[in-house]
Amino acid sequence: MTSTADAEAAANELTPLADYLGSVLRRLRALPPLDLDLTQAYGNVLASDVVAPHSFPAFDQAAVDGYAARWEDLVGYGPVPSAGPGRAVRLNVVGDLGAASWRPVRLTPGSCFSVAAGAPMPIAADVVVPVEWTDQGMAAVEIFRTPKRGYGVRRAGEELPAGTVLARAGTYVAPALVAVFAATGIGHVVVRPSPRVVIVATGDELVDVGRGSQPGQVVDANSHALTAAAAEVGALAYRVGICDDDPEGLRGLLEDQTLRADLIITTGGTGTGPGDMVRRILSRREGGRAGPVTFTDVALYPGTALGFGTVGAEEVPVVCLPGEPGAALIGFEVLARPAIQLLAGAEPVFRPSVRAHLLETISSPGGLREFRPAHVAERRGGGYTVQPLSGGPYTLSGLAEANGLMVLGERVTTAAAGSTVDVLLLDRRR
């Protein structure tokens, strides 16, 4: 039976997670940029800053439906008396302007134009009176309420002057940003392509979904879950299914997939047991040279055994995750997800985190950095609370319910209720 001292001694021989992540991520580079049509750019990450070539709005325009007028005419500085108790300002309506109007027109004292929202403002007009403040006359209009100077007018460049930096490199192209680019005259942007991620499940014991597990059989949940997780990050995710523990079959499969992959993720076989073939095959030295993948025992709970390297002539990065579903998903969060973000050029590469008050006392294995599924909630008075979900990190139901992952450091063996812990926020759509 292993003693606590033996367990802690073994944990001390593990590579700290931060050191391991740093060594892996330093070997990755963002994918080469490409120029995309604006309609194709959504979901990608900008490779360079984007500057507005034109102003928005491009010209002075009406912001509301109404009557474009000179403010002086409304307050009695022009030839028209100002409105008083029981008295309205009366102006001649000399024309109508819609959003498609393009000929420049000029106001003369005592006159106005009927305008639609988006219509260009007449020269000399500096206010738009909403239709509700008038009798809605056609040849002449009576105005019962005087707005402030400039009301109802959007000046050229008021929102975005030409030369404004619209978005920085590393920014995701969201729908509203597409609108901003289009409105300022941008038709193409330079982005990082979405990484192509291939997911492979390995193991003679695996069977595909649609049946229950039998002795000697395990339903392949991992490749489906990791494909979904990669897609959630924004990758183009491809599941290639199950690969048996056949050395030549695995090597051939990985070589084939390098043709369409920017990153390959395998799951299963990362340990040192008799059936852990992925580690044996990909770390095997050949011709005096080290294998293409290095496997490291990391101070991580769950799933200490992780692999990283490159395969194929193109040296496509490969991440090897454990076969236990909970460990595979946690391994994806701490290693594969940041790798995808880095390839995509996204910043930051890690999920956002908060400090939260723990609602329940929990224990954690010493010497390991634990990631535990939890439910985090914002307190009414400010700050956050976090409730660990039952069963710990190996429980798939807990991971499915979690909206956060508690992070308990290597030196933490007990976290008391009321203490403050770090929580990674899972931005899953609910």
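Residues numbered from 1 in each chain as written. Predicted model: local features only at pLDDT ≥ 70, side-chain atom pairs only at ≥ 80, totals over all residues. Heavy atoms only, no water.

(A) Highlighting the overall build of the chain. For the chain, the count of helices and strands is 9 helices and 28 strands. Taking 2.2 N^0.38 as the reference for a compact globule, 430 residues should give roughly 22 Å; the C-alpha atoms of the chain span a radius of gyration of 32 Å, well beyond that estimate. Each of the three principal axes of the chain carries a C-alpha extent, and together these read 100 × 50 × 40 Å. Looking at the chain as a whole, 46% of its 430 residues qualify as buried. Counting every atom, the chain has about 21000 Å² of accessible surface; 52% of that belongs to carbon and sulfur. Averaging the coordinates of the 36 positive side-chain charges in the chain and doing the same for the 45 negative ones gives two points 6 Å apart. (Helix = DSSP H or I, 4+ residues; strand = E, 2+ residues; numbered from the N terminus. Rg over C-alpha atoms; globule rule 2.2 N^0.38 Å. Buried < 20%, exposed > 50% of the residue type's maximum accessible area, 1.4 Å probe, protein only. Areas by Shrake-Rupley, 256 points an atom, 1.4 Å probe, with all protein chains shown as cover. Lys, Arg positive; Asp, Glu negative; His and termini not counted. Charge placed at Lys NZ, Arg CZ, Asp CG, Glu CD.)

(B) Structural view of the sheet that holds strand 17 (residues 263–267). Overall, mixed pairing links the 6 strands, which are arranged 16-13-17-21-20-18 in an open sheet. If you trace the sheet from one side to the other, it starts and ends with strand 16 (236–243) and strand 18 (293–297), each paired once. The average angle at which neighbouring strand axes cross in this sheet is 20°, direction not considered. Bridge count for strand 20 (residues 305–311) against strand 21 (residues 316–321) is 5 bridges, and the pairing is antiparallel. Residue pairing across strands places Phe-308 opposite Val-319, the latter belonging to strand 21. Lying on the sheet, helix 6 (residues 247–257) is in contact with strand 13 (196–202), strand 16, strand 17 and strand 20; it crosses strand 16 at an angle near 165°. (Pairing = 2+ DSSP bridges. Axes fitted to C-alpha atoms, helices over the stretch in contact; angles between N-to-C directions. Contact = heavy atoms within 4.5 Å.)

(C) A look at the sheet that holds strand 2 (residues 45–46). Strand order in the open sheet formed by 3 strands is 1-12-2, and the pairing between neighbours is antiparallel. The open sheet has two edge strands with one neighbour each: strand 1 (34–37) and strand 2. Where strand 1 lies against strand 12 (residues 188–192), 4 bridges are found, and the strand directions are antiparallel. Counterpart to Asp-35 in the pairing with strand 12 is Val-190.

(D) Quick peek at the packing of helix 5 (residues 222–233) against helix 8 (residues 325–344). Helix 8 packs onto helix 5 with a crossing angle of 30° between their chain directions and a minimal axis gap of 10 Å. In terms of axis orientation, helix 5 runs roughly parallel to helix 8. At the point where helix 5 passes helix 8, the crossing takes the right-handed sense. Residues Asn-222, Ala-225, Leu-226, Ala-229, Ala-230 and Val-233 of helix 5 lie in contact with helix 8, whose contacting residues are Pro-325, Ala-328, Leu-329, Phe-332, Arg-337, Ile-340 and Gln-341. A breakdown of the residues in the contact of helix 5 with helix 8 according to their chemical character gives 10 nonpolar, 2 polar and 1 charged. (Parallel < 35°, antiparallel > 145°, perpendicular 65-115°, else oblique. Left-handed = near helix turned anticlockwise from the far one by under 90°. Nonpolar A, V, L, I, M, F, W, Y, C, P; charged D, E, K, R; others polar.)

(E) Summary view of the pattern of salt bridges. Going through the model one piece at a time under the given rule, you end up with 17 salt bridges. Here Arg-155 and Asp-60 are joined by a salt bridge, their closest N and O atoms 2.9 Å apart. On the criterion of sequence distance, the pair formed by Arg-155 in the loop between strand 10 (153–154) and strand 11 (165–167) and Asp-60 in the loop between strand 3 (50–51) and strand 4 (61–62) is long-range, its members being 95 residues apart. A relative accessible area of 29% means that Asp-60 is categorised as partly exposed. With a closest N to O distance of 3.3 Å, Asp-220 and Arg-239 form a salt bridge. One end of the pair, Asp-220, is in the loop between strand 15 (218–219) and helix 5; the other, Arg-239, is in strand 16, and 19 residues separate them in sequence. (Salt bridge = Lys/Arg side-chain N within 4 Å of Asp/Glu carboxyl O.)

(F) Geometry of the nonpolar core. Membership of the largest hydrophobic core comes to 40 residues, with the highest contact counts inside it found for Val-197, Ile-265, Leu-300, Phe-332, Leu-335, Ile-340 and Phe-371. Top contributing element to this core by residue count: helix 8, with 9 residues. Discounting chain neighbours no more than four positions away, the residues touching Val-197 are Ala-230, Ala-235, Leu-236, Ala-237, Tyr-238, Leu-263, Ile-265 and Ile-340. One finds Leu-254, Met-277, Phe-295 and Val-311 within the second-largest nonpolar core, a separate group that totals 18 residues. (Core = buried A, V, L, I, M, F, W, Y, C linked by side-chain atoms within 4.5 Å.)

(G) Main features of the packing of helix 2 (residues 17–25) against helix 8. Relative to each other, helix 2 and helix 8 sit at 30°, their axes nearing to 11 Å. Here helix 2 is positioned roughly parallel relative to helix 8, judged by the angle of their axes. Both helix 2 and helix 8 take part in a crossing whose hand is right-handed. For the pair helix 2 and helix 8, the contacting residues are Tyr-20, Leu-21, Val-24 and Leu-25 in the first and Val-334, Leu-335, Pro-338, Ala-339 and Leu-342 in the second.

(H) Layout of the pairing of strand 7 (residues 111–115). With 4 of its 5 residues buried, strand 7 lies for the most part within the structure. Looking at chain direction, strand 6 (residues 89–97) and strand 7 are connected through 4 bridges and run parallel. Looking at strand 7, one finds that Asp-96 is bridged to Ser-114.

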